[in-house]
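Chain and residue survey
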There are 2 protein chains.
Amino acid sequence: MAQEYDRVALIGLGLIASSMVWGIRRAGLAGEVTGHARSPETRAIAREIGLCDRVCDSAAEAVQGADLVVLCVPVGAMGAVMAEIGPALQPGATVSDVGSVKRAVIEAAAPHLPDNVHFVPAHPLAGTEQSGPRSGFAELFDNRWCILVPDGAAPEATARLHRFWQGLGSNTDEMDADHHDLVLAVTSHTPHLIAYTMVGVADDLRRVTDSEVIKYSAAGFRDFTRIAASDPTMWRDVFLTNKDATLEILGRFTEELFALQRAIRQGDGEMLHDYFTRTRAIRRGIIEAGQDTEAPDFGRAPLRKG
Amino acid sequence: MAQEYDRVALIGLGLIASSMVWGIRRAGLAGEVTGHARSPETRAIAREIGLCDRVCDSAAEAVQGADLVVLCVPVGAMGAVMAEIGPALQPGATVSDVGSVKRAVIEAAAPHLPDNVHFVPAHPLAGTEQSGPRSGFAELFDNRWCILVPDGAAPEATARLHRFWQGLGSNTDEMDADHHDLVLAVTSHTPHLIAYTMVGVADDLRRVTDSEVIKYSAAGFRDFTRIAASDPTMWRDVFLTNKDATLEILGRFTEELFALQRAIRQGDGEMLHDYFTRTRAIRRGIIEAGQDTEAPDFGRAPLRKG
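Since the structure is predicted, the reported quantities are computational estimates derived from the model, not experimental observations.

1. A short note on the overall build of chain A
A count of helical and extended segments in chain A gives twelve helices and nine strands. Whereas a compact globule of 306 residues would reach a radius of gyration of roughly 19 Å, chain A reaches 21 Å, a difference of no more than 12%. The principal-axis extent of the C-alpha atoms belonging to chain A is close to 65 × 45 × 35 Å. Taking all 306 residues of chain A together, 56% fall into the buried category. Partitioning the contacts of chain A with sequence separation of at least 6, the portion at a separation of at least 24 is 76%.

Printed below as a string of structure tokens:
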């Protein structure tokens with residue numbers, strides 16, 4: 001794999017950035033990786049585990065001389081970070097991000113971008129329920145999709161960023177910002193909100209039924225708890241900044257839910273059976289597309305004796 | 001492990017029954033296992049893979065001389081099967097089931113039960129999204145819970161069934177039928193309905209956006225598709241027979257969902273952040289209780305190149 005950039009600066013050192021560091025090293029994609037995190041604890045951990053070649057105490061310092069800068073902070077923090085690093089960016093540098101919402105990032109970043117840099121927003125569709133600088137691993141992006149939203153950026157800067165993400169193991173694609181935000185509202189944002197809601201309901205009831213909700217969680221509920229264990233700040237920002245698309249999909253969701261609820265109330269078994277048969281097919285498509293494992297129960301390891 | 005029963009008869013040969021057969025063999029829990037499935041194809045497969053000592057062409061034949069009979073059919077079929085096997089049951093036999101709803105099974109079975117048998121309903125909280133006689137494996141019940149609902153059955157028959165399920169690897173517990181149905185509405189039935197709904201919404205949108213929903217499913221949505229790939233007949237029956245508890249929990253769910261939806265619309269980031277922080281804790285409880293893996297992303301194997 002060829003080196004794509006001389007110096008990559010990562011601002012924010014959580015799950016995505018730390019996975020990028022290990023992935024960059026695995027493939028030799030950069031000469032040097034610098035990093036910055038706002039919290040002194042995170043910077044200390046990053047230094048302890050040798051996460052970057054240099055961990056800098058300010059974002060402006062980290063981006064100096066970098067030909068690729070990637071913002072790996074929650075969507076709501078992008079504007080402030082961009083304002084801070086704008087004056088320190090090297091002319092000709094490419095600036096990108098990994099935010100789960102794209103229109104809001106573009107709007108937040110645009111006012112602070114110097115004219116002489118390339119801004120190519122991106123979104124790697126990868127993650128786990130864990131967070132922080134210790135949670136990263138080089139394989140996170142393997143065979144996952146990274147969506148680039150060039151939004152008018154120079155083709156050669158965009159092509160270079162494609163090669164970078166492909167070097168990290170991803171498949172890459174391009175999309176318009178608004179379309180990205182709608183597709184992600186369906187495949188990610190609304191599912192997360194629903195999982196958070198279901199876990200919240202169960203948590204309320206747990207106070208009534210003691211530990212039964214936890215004890216008997218393996219019957220389906222536990223899958224929701226994994227999603228609802230994702231980073232609260234990141235997800236707060238997603239919903240605040242992708243409000244319209246999320247509310248639109250939520251509206252469709254409640255409409256469907258009420259139709260199923262009415263079928264249950266009226267004892268309409270045929271409607272339920274037809275619905276459940278149709279949804280079964282989509283799982284097959286996802287497995288055939290190589291986007292999930294065929295192994296039963298996600299191939300979970302047998303559970304240890306509690 | 002001691003042999004608990006001379007002859008165990010399994011009616012219905014899907015995921016649960018086939019796992020029970022391999023588990024019974026692993027632990028030497030029965031002298032002989034007989035089985036019956038309504039579909040000739042299922043019986044042919046069961047014979048081909050040596051699933052039981054004898055696969056019988058009728059349920060009545062399978063239960064003859066059995067000291068334990070377990071009904072492993074969808075909840076809606078329990079009454080008809082019980083009517084068929086009632087006259088053929090051996091005096092003193094224990095009759096049980098593995099249905100996901102308990103009050104409805106008791107009501108369906110009671111009219112057909114001879115006085116001289118012990119009826120001890122049960123529900124192993126175990127399963128995968130796969131179904132059919134080939135999907136079973138001996139480890140399915142290891143460290144999972146099996147809830148017995150004795151409903152007035154003789155203590156020694158109940159104690160024997162506890163030992164049988166413990167021999168299959170389960171932890172066992174007892175519960176009242178109505179309480180069981182409410183707890184399962186929270187930990188299983190409502191989560192499944194919500195997953196089916198979310199996948200249905202995405203499937204509708206897929207017709208608009210071609211394959212994007214599948215391609216980009218790894219961002220959260222794919223977890224829902226696993227649950228929504230579960231057996232349609234089984235789940236239709238669950239919702240039709242646990243109607244009241246499911247509708248009650250669904251009511252709480254939509255109430256919470258509307259509160260979160262309003263917070264998104266009003267931009268109330270504090271409410272969202274607090275909510276998402278609270279739900280994170282319940283995941284920790286489930287892992288500590290040994291009911292899910294701590295490995296990120298359920299410990300999924302790396303995805304193959306598609």
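2. With respect to the relation of the copies chain B and chain A
At an RMSD of 0.0 Å, chain B and chain A line up after a rotation of 180° and a shift of 0.0 Å along the axis. Taken together, the turn and the small shift mark the pair as related by a two-fold rotation axis. The overlap is high: 100% of the interface residues of chain B also sit at the interface in chain A, so the same surface is used on both sides.

3. Observations regarding the domain arrangement of chain A
Residue and element names in this part refer to chain A. By domain assignment, chain A separates into domain 1 (5-175) and domain 2 (179-299). Summarising the inter-unit geometry, the C-alpha centres of domain 1 and domain 2 are found 30 Å apart. Contacts between the two partners involve 15 residues from domain 1 and, on the opposite side, 18 residues from domain 2. Residues belonging to the side of domain 1 that touches domain 2 are distributed by class as follows: seven nonpolar, five polar and three charged.

4. Points about the nonpolar core
Counting residues in each nonpolar core, the largest one holds 206 residues, and the members touching the most others are L10(A), I11(A), V69(A), L10(B), I11(B) and V69(B). With residues up to four places along the chain from it excluded, the contact list for V69(A) reads A9(A), I11(A), V63(A), I85(A), L89(A), A93(A) and V95(A).

5. Things to note about the sheet that holds strand β7 (residues 122-124) of chain B
All names here are of chain B. In space, the three strands of this open sheet follow the order β7-β8-β9, with mixed pairing throughout. Unpaired on one side and paired on the other, β7 and β9 (171-174) mark the two borders of the sheet. Taking each pair of neighbouring strands and ignoring which way they run, the sheet shows an average axis angle of 20°. As judged from the three bridges shared by β7 and strand β8 (residues 145-148), these two strands associate in the antiparallel manner. Paired with A122 across the strands is L148, a residue of β8. Across the sheet, helix α6 (residues 155-167) touches β7, β8 and β9, and the angle it forms with β8 is around 165°.

6. Overview of the sheet that holds strand β4 (residues 68-71) of chain B
Residues and elements named next belong to chain B. The six strands lie next to each other as β3-β2-β1-β4-β5-β6, forming an open sheet whose pairing is parallel. Every other strand in the sheet has two partners, leaving β3 (54-55) and β6 (118-119) as the edge strands with one partner each. Against the sheet, helix α4 (residues 78-85) makes contact with β1 (5-11), β4 and β5 (94-97), and its axis sits at roughly 150° relative to β4, the strand it touches most.

7. Focus: the interface of chain B and chain A
Taken together, the contact between chain B and chain A spans 98 residues of the former and 98 residues of the latter. When residues of the side of chain B that touches chain A are assigned to their parent elements, the largest contribution, 20 residues, is made by helix α7 (residues 177-209) of chain B. Taken together, the residues that form the side of chain B that touches chain A break down as 47 nonpolar, 28 polar and 23 charged.

8. As for the packing of helix α11 (residues 243-266) of chain A against helix α11 (residues 243-266) of chain B
Two elements in contact, α11(A) and α11(B), have axes separated by 11 Å at closest approach and are oriented at 165°. By the angle between their directions, the pair α11(A) and α11(B) is classed as roughly antiparallel. In terms of crossing hand, the pair formed by α11(A) and α11(B) is left-handed. On α11(B), the residues touching K243(A), T246(A), L247(A), L250(A), T254(A), Q261(A), I264(A) and R265(A) of α11(A) are K243(B), T246(B), L247(B), L250(B), T254(B), Q261(B), I264(B) and R265(B). Residues that form the contact of α11(A) with α11(B) fall into these classes: six nonpolar, six polar and four charged.

9. Some words on the environment of A289(B)
Residue and element names in this part refer to chain B. Mapped onto the elements, A289 comes out in the segment after α12 (269-288). For A289, a count of 17 C-beta atoms within 10 Å gives the class partly exposed. In the structure, A289 is positioned 13 residues away from F276 in sequence and 21 Å away in space, judged by C-alpha atoms.

10. With respect to the pairing of strand β1 (residues 5-11) of chain A
Residue and element names in this part refer to chain A. Burial analysis of β1 places six of its seven residues in the buried class, the great majority of the element. Two elements, β1 and strand β2 (residues 30-36), share six bridges in a ladder whose sense is parallel. Bridging from a neighbouring strand, I11 pairs with H36 of β2. Taken together, β1, helix α1 (residues 15-27) and β2 constitute a β-α-β crossover, and its handedness is right-handed.

11. Considering α1(A)
All names here are of chain A. Between its first and last C-alpha atoms α1 spans 18 Å; for 13 residues at 1.5 Å apiece the expected length is 18 Å, and the two agree. Every buried residue belonging to α1 is among L15, I16, A17, S18, S19, M20, V21, G23 and I24, and all of these are buried. Its buried side turned inward, α1 meets β1, β2 and β7 (122-124).

12. Points about unusual backbone geometry
Residues and elements named next belong to chain B. A positive phi angle is found at N143, which is not glycine, with a value near 60°. Secondary-structure assignment places N143 in the loop between β7 and β8. The exposure class of N143 is partly exposed, given the 17 C-beta atoms found within 10 Å. In this model, D151 sits at a positive phi of 50°, which is unusual for a non-glycine residue. Mapping D151 onto the fold places it in the loop between β8 and α6. Using a count of 17 C-beta atoms within 10 Å as the deciding quantity, one classes D151 as partly exposed.

13. Thoughts on the pairing of β1(B)
Here β1(B) runs beside β4(B); their pairing, made up of four bridges, is parallel. If you follow I11(B) over to β4(B), its bridge partner there is L71(B).

Calculation notes
By convention here, each chain's residues receive numbers from 1 onward along its written sequence. Chain A is the first chain written and ligand 1 is the first ligand written, with later ones labelled in order. With pLDDT at 70 or above as the cut-off, local features in this predicted model cover only qualifying residues; side-chain atom pairs require 80 or more to be listed or tallied, and sums for whole chains, interfaces and linings still use all residues. Going along the chain from the N terminus, every DSSP run of H or I of four or more residues is numbered as a helix, and every run of E of two or more is numbered as a strand. Radius of gyration here is computed from C-alpha atoms only, and the compact-globule reference equals 2.2 Å multiplied by the residue count raised to the power 0.38. Exposure in this text rests on C-beta crowding, where 20 or more other C-beta atoms within 10 Å of a residue's own make it buried, 12 or fewer make it exposed, and counts in between make it partly exposed. The C-beta atoms are placed from the backbone. Placing a C-beta atom from the backbone of each residue, one calls two residues in contact when those atoms lie within 7 Å. To line up the copies, we fit them by least squares on C-alpha atoms, keeping just the residues with pLDDT of at least 70 in both. Note that the domain bounds were set by an automatic or database domain assignment. Ten residues, namely Ala, Val, Leu, Ile, Met, Phe, Trp, Tyr, Cys and Pro, are considered nonpolar, four, namely Asp, Glu, Lys and Arg, are considered charged, and the remaining ones, Gly among them, are considered polar. By convention the nonpolar core is taken to be a set of buried residues drawn from Ala, Val, Leu, Ile, Met, Phe, Trp, Tyr and Cys and joined through C-beta atoms within 7 Å. In short, DSSP must find at least two bridges between two strands for them to pair. To obtain an axis, a line is fitted to C-alpha atoms, over the contacting stretch when the element is a helix, and the angle between two such axes runs from 0 to 180 degrees between their N-to-C directions. Roughly parallel covers angles under 35 degrees, roughly antiparallel covers those over 145, roughly perpendicular covers 65 to 115, and oblique covers all other angles. Put simply, a crossing is left-handed when the front helix is turned counterclockwise from the back one by less than a right angle, and right-handed when it is turned clockwise. Call a crossover right-handed when, viewed with both strands pointing away from you, the route from the first strand across the helix to the second goes clockwise. The span expected for a helix works out to 1.5 Å for each residue beyond the first.

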